[in-house]
Amino acid sequence: MRAINQFYPKILNSRFKGETCAGFIRIVFLFVVFGPILVLVFNVIQKLGTGHWDWLALAFPTGRRLALFARSLGFAISVTAGATIIGLLAGLYFWNQSGKGNKFLCWLALVFIAVPPYVHALTWMSAFNGLEIIFRRFNLPAIALEGWGGALWVQMMALVPVALGMTLLGVETIDPDHLDAARLARPDSANVLKVILPLALPLVIAGAGFIFLLSLTDYSVASLFQNNVYALEIFAEFSSSAESGRAFLLALPLLLVTVSVLIVSQKTVRKAAMKPVRTLPSPDRHFAWPSWMRALLGIGAAFTAIAVLVPLAVLLLSAGSPKALARTVTAAQSEIGFTFAISLLIALISIPLAVACAGRLVRSNRNHRLWWLLVTIPIAVPASLTGIGLVFLWNRPLFGTVYGGALMPILAGLARFAPFVTLAVAAQLRRINPLLLDAARVYQTNLWRYWLKIRLPLLLPGIAGGAGIAFLLSLGELGATLVVAPPGLATLTMRIYNYLHYGASDSVAGLCLIILVSALAGGTGVLIVFRRGFRLVRKG
Amino acid sequence: MKGPRQGIPCLIGAICLIILSLCTQQNRDEVCVVYTSVDQVYSEPILRAFEQESGIAIRAVYDVEATKTTGLVNRLIAEKSRPQADVFWSGEFAQTLLLKEKKVLSAYASPSASDIPNPYRDPEFFWTGFGGRARVLIVNTERISVAKSPRSLFDLLDARWPANEIAIANPLFGTTATHAAALYAALGPREARTFFAGIFSRGIRVVDGNAAVRDLVASGKLMMGLTDTDDACGAKQRGHPVELVFLDQGPDGLGTLLIPNTVALIEGARHEQEAKKVIDYLLSPETEVQLIQSGWSHISLRNLPVAESCLESGVIRGMDVSLDDVYIQFLTAKKDLRDIYIR
């Protein structure tokens, strides 16, 4: 009894410290991520208060806008279905392969997340132009990349890496013991449908949610193929009225759909059999799948290879000679350093914010619905509006020199991408048996040791996946960064779009290759850090 | 070997240090913050030359076309209560007039602007125009000869030229939106609306931006398209088989839209004196010459004798509309075109 009496105050004390710390981080999350949205909402209320009640009509699409909205939904659903199926097939294919070439292709596909969809579109247009010339030479009918078909193909190819990444994350975290047990009971072909897919599906569906969101809020690809989507309507409104409130109200239906999809896709992430990533690197496995299944998965892998190799080839061919590429790199030195630094910081700072908030999403109390809204709404707000919200929030004497400094693009990245990391960590948290955590909490009274030895290792797949996505998306962010970029500093994406207008396709290609190399370097670096961290944790 | 117990606090410490250093802005006495929508490749050399000449450091923010003109202008409006920029240098005029209406600008009568014609200066000195581009038809000479190309904007409605071989940029954004507003001002809203309805019902290709028009025509995928002189001249100088045709240049013609650059001082600018020096520099005849020689600008508002390699004809007839008239029609035109085009 005396022992228990001595033990409990220690637990309570460390739990109190932990909760205080997490509570503080959650406040920071809300301020950084939800603050800009809140300011926009206040702005709308203020305008309504001055008699602009007619603005409310913008939130309810009717007639032309309703048709546009429906078409945009159809487009986003088609892209999501196509990209998810290809990513799922390819993910299973690569997971079952051990060759270094496959692993490299897989890694390369993932870093393509950092290339803006608009650049994907340009590379695909170039590739089809080349094909057309070849086809003409042989008197063959050319395949046209245009209209909704063209937009669908490009958007799908641009987002396949997201689906691939989430599938790999899903299958890599399946407990190998469960797989071994399943293989004893059933043939490998049956295990795909009965064991592997159900266990990996939650993260695949979460990935589909992300793809839907990215597709629904992007107007650039559809616009390049002369199709109009609802996101363009928001920009048209913002551009002509210069009223962020009007644009925000117009974005509300989009926001509602996106939030619903994200909540539904995340709800599927239930407890699944998994082990912490102590097993990294994964043991070599080779499932004896029937030839039809291998062929099907091979088709997915082939599409993924096409999604990566075609844009890569076009970029390499367009970048010109190594000398020209060196000139491009030299001219963009400061942008390269700045972009890499802010993307890395966004990914790293997102981690504590996400870890502190993810727990609130998986708790089944009254507040968890509110937390879901707080986390998902910022994801659905158009980037330019987030940027304007950041200006309203941070451009105050209270914050001194923060506004106008290089911290602003980091805050923009956090406001846009920290929710992604939070969702990834929450997805991971759902898969952990809470009894395990409670037991660990009782036996480990030291807060640091509890976090480092138990909680973080269990959360690591979600943290690594989420931070990786945040890093890659930050490399290509434009809309919010442009609105808050400090004078005198620019990101690589800003430079790319500047060159795009000028027509310097060689420089654009060179800069895109730099983004890919940065993404490869950053991704590999993060992976090495995590693996080393784990070895240290395992050694105690 | 350090364990994670030491490593993680070190990492957190390093991040905090980096953040602290990022929070602090460089403090330098003579600084001027310039927001510009002029392509960086053209504007940066001018601003660097000013830095060298004056010793005033320029911190620039460059806009990009991809944000559909929602970038810098909305940033300036959002920053109105505590402005960060000192000078706004725009590649066109409609957005500058919008900023005047939103009370973002401050009046400044630059001595360098004394010889700039009145139509290109705000009567209250909130902005001043200089240099300029024009709207032009870019034609691919391997697909159609200049002699057989349209001569009037209204020829785009003529079945002699196939609609699927012609492109215009999205008329809701950029200089195409300004061009549309100018047509509303010159023809009246009803006739202009009918013209655009005809353009869309004919099936003329509406593409992402002026650069996309240029690329489609330069590559030979399309016969012709409406764009700006800087885009068309850029393609021509890069050796593409293209020519420029200025529309409606006859004695009874409507003329083409001339798009001057505009520069303005920001209300409450932190570096007002430096900002005025930048404005004086940008409005000087020397800068106008530099802009023409670099390929950004093709028209001298002062009629400076500058050799322009891209344009063959010396005089371009502009549309007979004031910049204010164009701006007045800006919102009406955008509303109409959104209903016609975004479907």
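Residues numbered from 1 in each chain as written. Chains lettered and ligands numbered in written order. Predicted model: local features only at pLDDT ≥ 70, side-chain atom pairs only at ≥ 80, totals over all residues.

Enquirer: I'm lost on the overall build of chain A in this one. Help?
Expert: A count of helices and strands for chain A gives 21 helices and 0 strands. When each of the 540 residues of chain A is scored for burial, the buried share is 52%. Counting contacts in chain A only where the partners sit at least 6 residues apart, residues at least 24 apart contribute 86% of the total. (Helix = DSSP H or I, 4+ residues; strand = E, 2+ residues; numbered from the N terminus. Buried ≥ 20, exposed ≤ 12 C-beta atoms within 10 Å, placed from the backbone. Contact = placed C-beta atoms within 7 Å.)

Enquirer: What am I meant to see in the overall build of chain B here?
Expert: Helix and strand content of chain B: 11 helices and 10 strands. Burial analysis of chain B (343 residues in total) assigns 54% to the buried set. Within chain B, contacts between residues separated by at least 24 positions form 77% of all contacts whose residues are at least 6 apart in sequence.

Enquirer: Honestly, the pairing of strand E9 (residues 242-245) of chain B in this entry has me stumped. Any pointers?
Expert: A regular strand places its side chains on the two faces of the sheet in alternate fashion. All names here are of chain B. Here E9 shows one buried face, formed by Val 242 and Leu 244, and one open face, formed by Glu 243 and Val 245. One ladder, built from 4 bridges, connects strand E5 (residues 128-140) with E9; its direction is antiparallel. From the neighbouring strand, Asn 140 faces E9, where its bridge partner is Val 242. (Pairing = 2+ DSSP bridges.)

Enquirer: It is not clear to me how unusual backbone geometry should be interpreted in this structure. Could you clarify?
Expert: A negative phi holds for most residues other than glycine; trans holds for most peptide bonds. Despite not being glycine, Asn 139 of chain A shows a phi value in the positive range, around 55°. With respect to the helices, strands and loops of the structure, Asn 139 of chain A is situated in the loop between helix H4 (117-137) and helix H5 (147-172). With a phi close to 60°, Lys 103 of chain B is a non-glycine residue in the positive phi region. Structurally, Lys 103 of chain B can be placed in the loop between helix H4 (94-101) and strand E4 (105-106). Overall, Lys 103 of chain B belongs to the exposed group, with 11 C-beta atoms counted inside 10 Å.

Enquirer: Honestly, the domain arrangement of chain A in this entry has me stumped. Any pointers?
Expert: Many authors give the size of an interface as the accessible area that is lost as the parts come together. Residues and elements named next belong to chain A. Here chain A is described as being made up of domain 1 (1-43 + 333-486) and domain 2 (73-317). Its C-alpha centre places domain 1 at a distance of 25 Å from the equivalent point of domain 2. Taken residue by residue, the interface counts 30 residues in domain 1 and 37 residues in domain 2. Looking at the side of domain 1 that touches domain 2, the elements with two or more residues in it are helix H1 (2-49), helix H14 (367-380), helix H15 (383-394), helix H16 (407-430) and helix H18 (447-475). Grouping the amino acids of the side of domain 1 that touches domain 2 by side-chain chemistry returns 22 nonpolar, 6 polar and 2 charged. (Domains from an automatic or database assignment. Nonpolar A, V, L, I, M, F, W, Y, C, P; charged D, E, K, R; others polar.)

Enquirer: What am I meant to see in the domain arrangement of chain B here?
Expert: Residues and elements named next belong to chain B. Taken domain by domain, chain B consists of domain 1 (28-131 + 259-294) and domain 2 (133-257 + 322-341). The straight-line distance from the C-alpha centre of domain 1 to that of domain 2 is 27 Å. With 9 residues of domain 1 at the contact, the number on the domain 2 side is 16 residues. Residues of the side of domain 1 that touches domain 2, tallied by class, amount to 5 nonpolar, 1 polar and 3 charged.

Enquirer: Which parts of the structure should I look at to understand the environment of Arg 82 of chain B?
Expert: Looking at the secondary structure, you find Arg 82 of chain B in the loop between helix H3 (72-78) and strand E3 (87-90). Along the chain, Arg 82 of chain B and Ala 269 of chain B lie 187 residues apart, while their C-alpha atoms are 8.9 Å from each other. Once residues within four sequence positions are removed from consideration, Arg 82 of chain B is found in contact with Asn 395 and Arg 396 of chain A.

Enquirer: Just checking my understanding: could you explain the confidence of the model for chain A for this structure?
Expert: Do not read the fine detail of predicted coordinates wherever pLDDT is low. Residue and element names in this part refer to chain A. Of the residues in chain A, 89% reach a pLDDT of 70 or more, and the chain-wide mean stands at 82. The least confident element of chain A is helix H21 (residues 505-539), whose mean pLDDT is 72; the most confident is helix H2 (residues 63-95), at 92. Residue range residues 270-281 is modelled with pLDDT below 50. Its contacts to residues more than four positions away, or to other chains, number 30 contacts. (pLDDT = per-residue confidence, 0-100.)

Enquirer: How do you make sense of the nonpolar core when you look at a structure like this?
Expert: Across soluble globular proteins, you tend to see nonpolar side chains buried next to one another. With 292 residues, the main nonpolar core has Val 87 and Ile 138 of chain B as its most contacted residues. When residues no more than four places from it in sequence are discounted, the contact partners of Val 87 of chain B are Cys 32, Val 34, Val 263, Leu 265, Ile 266, Ala 275, Val 278 and Ile 279 of chain B. (Core = buried A, V, L, I, M, F, W, Y, C linked by C-beta atoms within 7 Å.)

Enquirer: Explain the environment of Gly 465 of chain A here, please?
Expert: Residues and elements named next belong to chain A. With respect to the helices and strands, Gly 465 occurs in helix H18. Sequence spacing of Gly 465 and Phe 417 is 48 residues, and the spatial spacing of their C-alpha atoms is 12 Å. With sequence-adjacent residues up to four places away left out, Gly 465 is seen in contact with Gly 165, Leu 169 and Ala 424.

Enquirer: Teacher, can you tell me more about the packing of helix H13 (residues 333-362) of chain A against H18 of chain A here?
Expert: All names here are of chain A. Where H13 contacts H18, the two axes come as close as 8 Å, and the packing angle between them is 145°. Relative to H18, H13 is oriented so that their crossing is right-handed. Here Thr 339, Ile 342, Ser 343, Leu 344, Ile 346, Ala 347, Ser 350, Ile 351, Ala 354 and Val 355 of H13 come into contact with H18, specifically with Leu 459, Ile 463, Gly 466, Ala 467, Ala 470, Phe 471, Ser 474 and Leu 475. Here the contact of H13 with H18 is built from residues that sort into 13 nonpolar, 5 polar and no charged. (Axes fitted to C-alpha atoms, helices over the stretch in contact; angles between N-to-C directions. Left-handed = near helix turned anticlockwise from the far one by under 90°.)

Enquirer: Teacher, can you tell me more about the pairing of strand E1 (residues 31-36) of chain B here?
Expert: Residue and element names in this part refer to chain B. Most of E1 sits inside the fold, with 5 of its 6 residues counted as buried. Bridge count between E1 and strand E2 (residues 57-62): 6 bridges; the pairing is parallel. Across the sheet, the residue bridging to Val 31 is Ala 57, located in E2. Where E1 and E3 come together, 3 bridges link them in parallel fashion.

Enquirer: I would appreciate a short explanation of the confidence of the model for chain B in the present structure.
Expert: All names here are of chain B. Mean pLDDT for chain B: 86, with 87% of residues reaching 70 or above. Of all helices and strands in chain B, the one with the weakest mean pLDDT is helix H1 (residues 4-23) (60), whereas E4 scores best (96). On the interface metric, ipTM, the complex scores 0.78, and its pTM is 0.81.

Enquirer: Please explain the packing of helix H5 (residues 174-187) of chain B against helix H6 (residues 189-202) of chain B as it appears in this structure.
Expert: Helix-helix packing is characterised by the crossing angle of the two axes and by the distance between the axes. Residues and elements named next belong to chain B. Running from N to C, H5 and H6 point in directions that differ by 135°, and their axes come no closer than 6 Å. Between H5 and H6, the angle falls in the class oblique. Crossing handedness for the pair H5 and H6: right-handed. When H5 is examined against H6, the residues Ala 180, Leu 183, Tyr 184 and Leu 187 are found in contact with a partner set consisting of Pro 189, Glu 191, Ala 192, Phe 195 and Phe 196. Taken together, the residues of the contact of H5 with H6 break down into 8 nonpolar, no polar and 1 charged. (Parallel < 35°, antiparallel > 145°, perpendicular 65-115°, else oblique.)

Enquirer: Mind showing me how you'd approach helix H9 (residues 272-282) of chain B here?
Expert: At 3.6 residues per turn, the α-helix brings residues three or four places apart onto the same side. Taken together, the buried positions of H9 of chain B are occupied by Glu 274, Ala 275, Val 278, Ile 279, Tyr 281 and Leu 282 of chain B. Buried positions in H9 of chain B, seen along its axis, are confined to an arc of 160° and lie on one side of it. (Arc of directions from axis to C-beta.)

Enquirer: What should I look at first to understand the environment of Cys 357 of chain A in this one?
Expert: Residue and element names in this part refer to chain A. By the element assignment, Cys 357 lies in helix H13. Residue Cys 357 is classed as buried on the basis of its C-beta count, with 26 C-beta atoms lying within 10 Å. Separated by 62 residues in sequence, Cys 357 and Pro 419 have C-alpha atoms that sit 9.3 Å apart. When near neighbours in sequence (up to four residues on either side) are disregarded, Cys 357 contacts Arg 26, Phe 29, Trp 371, Val 375 and Thr 422.

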